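An overview of the molecular structure
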Amino acid sequence: MAYWLIKSEPEAFSWSEQVENDIEPWTGVRNHQAKKNLMAMKAGDRAFFYHSNVGREIVGVVEVVREAYPDPTAADGKWVCVDVRAVGPVPHPVTLAAMKADPDLADLALIRQSRLSVVPVSDSHWAHLCRMGGWNS
């Protein structure tokens, strides 16, 4: 299993909407590196659901249930999406400020490549962030 972090602006699509919808296509990614990350996702992989702009925190965990396929919101057919299912909320949301303040997370992709909406998370970073958020992985 691989781990990821996916970002969404809560005013565009929030964790509560993910939970309500249960399974949701992760559409709208328009960056080539983020596209490569989506294409690398496999069914069963887990991802942190991160609220960007407002909140700037990890708020939940999702699981990939459908691997990359053509994004129906892309008119040109060049982009892909995956389907993710809500697994559960993080008991204690992990803020970007807390991540930046933690030296063990200095090379976390979210911090190094802050503009990417889909980034990989190493096994050790996943475990560390789960501890910070009170999530039992």
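Residues numbered from 1 in each chain as written. Predicted model: local features only at pLDDT ≥ 70, side-chain atom pairs only at ≥ 80, totals over all residues. Heavy atoms only, no water.

What helix α5 (residues 123-133) keeps buried is the set His 125, Trp 126, His 128, Leu 129, Cys 130 and Gly 133. Elements in contact with the buried residues of α5: β1 (3-8), β3 (46-51), β4 (57-70), β5 (80-95), α3 (96-101) and β6 (118-121). Looking at the residues trailing α5, positive phi occurs at Gly 134, about 70°. (Buried < 20%, exposed > 50% of the residue type's maximum accessible area, 1.4 Å probe, protein only. Helix = DSSP H or I, 4+ residues; strand = E, 2+ residues; numbered from the N terminus. Contact = heavy atoms within 4.5 Å.)

Strand order in the open sheet formed by six strands is β2-β5-β4-β3-β1-β6, and the pairing between neighbours is mixed. Since the sheet does not close on itself, it has two edges, and those belong to β2 (23-26) and β6, each with one partner. Neighbour-to-neighbour, the strand axes of the sheet open up by a mean angle of 40°, direction not taken into account. Strand direction decides the pairing type here: β4 and β5, joined by ten bridges, are antiparallel. Bridging from a neighbouring strand, Gly 60 pairs with Pro 89 of β5. Across the sheet, α5 lies against β1, β3, β4, β5 and β6, angled at about 45° from β5, the strand it touches most. (Pairing = 2+ DSSP bridges. Axes fitted to C-alpha atoms, helices over the stretch in contact; angles between N-to-C directions.)

Following the UniProt record, the feature "domain: EVE" (unreviewed entry) maps to residues 2-132 here. Between the C-alpha atoms that bound residues 2-132 there is a distance of 19 Å. The span itself is 27% helix and 38% strand. (UniProt positions renumbered as here; feature names shortened; annotations may be inferred.)

By the definition in use, this model includes six aromatic pairs. An angle of 15° between the planes, with centres 4.3 Å apart, marks the rings of Tyr 3 and Trp 126 as stacked. Within this pair, whereas Tyr 3 is found in strand β1, its partner Trp 126 is found in helix α5, the two being separated by 123 residues in sequence. Across this residue pair, the class does not change: Tyr 3 and Trp 126 are buried. When its relative accessible area of 2% is taken as the criterion, Trp 126 is described as buried. By the ring-pair criterion, three or more aromatic residues cluster together here, those being Phe 13, Trp 15, Trp 26 and Phe 49. (Phe/Tyr/Trp six-rings, centres within 6.5 Å; stacked < 30°, edge-to-face > 60°.)

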